[in-house]
Amino acid sequence: MDIELADAVAAVRDELLKARSRGASSDLVFEVGPVEMEFEVELRADAKVGGRFRVWAVSADAEAGVSRGATHRVSFTLTPRMRDGEGLLIHGGADAPAGPGDLDGYVAN
């Protein structure tokens, strides 16, 4: 199964936000440090979007059968920050409800 690189990064962001919500009642705090990501990627021309290239992360299983183009290794480091510039902490306050809280209104990007 192939996934767009942007979707892979978005999935990591969503999981960090879920972890933050689930830690809402904990007295133990974790500061999120740099997140290192590494992928085997394939560049593909997409005729539907004017011939622009898109980057797809490919699984090790799919890599053996890839015939559409060459794969490349991409690695990068992300340092999560909140919108206000503060570092991301996985924690909660004393008055926070137990458990992850209500995630029904949460929309993944």
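Only a predicted model underlies this, so the values are computations on that prediction, with no experimental measurement involved.

Peer 1: What is the right way to read the overall build of the protein chain from this model?
Peer 2: Of the regular secondary structure elements, the protein chain holds two helices and six strands. When the helices and strands of the protein chain are read in sequence order from the N terminus, they spell out β-α-β-β-β-α-β-β. When the 109 residues of the protein chain are sorted by exposure, 22% land in the buried category. Sequence separation of at least 24 residues holds for 76% of the intrachain contacts in the protein chain that already meet a minimum separation of 6.

Peer 1: I would appreciate a short explanation of the side chain of glutamate 40 in the present structure.
Peer 2: Structurally, the position occupied by glutamate 40 is in strand β3 (residues 35-46). In this structure the side chain of glutamate 40 is engaged in a polar contact, spanning 2.7 Å, whose partner is the side chain of arginine 73.

Peer 1: In this structure, what is going on with helix α1 (residues 5-22)? I would like to understand it.
Peer 2: Spacing of three or four residues puts side chains on the same side of an α-helix, whose turn is 3.6 residues. The terminal C-alpha atoms of α1, which comprises 18 residues, lie 26 Å apart, in line with the 26 Å expected from a rise of 1.5 Å per residue. All of the buried residues in α1 are Leu5, Ala8, Ala10, Asp14 and Ser21.

Peer 1: How should I be thinking about the pattern of salt bridges in this particular structure?
Peer 2: Two side chains with opposite charge may pair up if their charged atoms get near one another. Summed over the entire model, instances satisfying the criterion amount to three salt bridges. Put simply, lysine 18 and glutamate 15 hold a salt bridge, and the shortest N to O gap is 2.9 Å. In this pair, lysine 18 and glutamate 15 both sit in helix α1, three residues apart, roughly one turn of the helix. Relative accessible area serves as the criterion here: at 28%, lysine 18 is assigned to the partly exposed category. Taking the shortest distance from any N to any O, the salt bridge between glutamate 38 and arginine 73 comes out at 2.5 Å. Pair noted here: glutamate 38 is in strand β3 and arginine 73 is in strand β5 (residues 71-78), with a separation of 35 residues, a long-range link. What emerges from the salt-bridge pattern is a single network uniting Glu38, Glu40 and Arg73.

Peer 1: How do you make sense of the nonpolar core when you look at a structure like this?
Peer 2: Burial of nonpolar side chains together is a common tendency in soluble globular proteins. Core analysis: the largest hydrophobic core is formed by ten residues, namely Leu5, Ala8, Val32, Val35, Met37, Phe39, Val41, Ala57, Leu88 and Ile90. Taken together, the elements giving at least two residues each to this core come down to α1 and β3. The contacts of alanine 8, once residues within four sequence positions are left out, are Ile3, Met37 and Phe39.

Peer 1: How should the confidence of the model for the protein chain be read in this particular structure?
Peer 2: Detail in the predicted coordinates should be disregarded across regions flagged by low pLDDT. With 67% of its residues at a pLDDT of 70 or more, the protein chain shows a mean pLDDT of 75. Per-element confidence in the protein chain is highest for α1, whose mean pLDDT is 89, and lowest for helix α2 (residues 60-65), whose mean pLDDT is 50. The low-confidence segment residues 62-67, where pLDDT is below 50, has five contacts with residues more than four positions distant or belonging to other chains.

Peer 1: Quick question: what am I supposed to make of the environment of threonine 77 here?
Peer 2: On the secondary structure map, threonine 77 appears in strand β5. Apart from the residues within four sequence positions on either side, threonine 77 is in contact with Pro34, Val35 and Glu36.

Peer 1: Looking at this structure, I do not really get the environment of glutamate 40. What am I missing?
Peer 2: According to the relative accessible area criterion, glutamate 40 is buried, its value standing at 17%. For the pair glutamate 40 and leucine 5, spaced 35 residues apart in sequence, the C-alpha separation works out to 9.9 Å.

About the cut-offs
Residues numbered from 1 in each chain as written. Predicted model: local features only at pLDDT ≥ 70, side-chain atom pairs only at ≥ 80, totals over all residues. Heavy atoms only, no water. Helix = DSSP H or I, 4+ residues; strand = E, 2+ residues; numbered from the N terminus. Buried < 20%, exposed > 50% of the residue type's maximum accessible area, 1.4 Å probe, protein only. Contact = heavy atoms within 4.5 Å. Polar contact = N/O pair within 3.5 Å; in protein donor to acceptor, adjacent residues only side chain to side chain. Expected span 1.5 Å × (residues − 1). Salt bridge = Lys/Arg side-chain N within 4 Å of Asp/Glu carboxyl O. Core = buried A, V, L, I, M, F, W, Y, C linked by side-chain atoms within 4.5 Å. pLDDT = per-residue confidence, 0-100.

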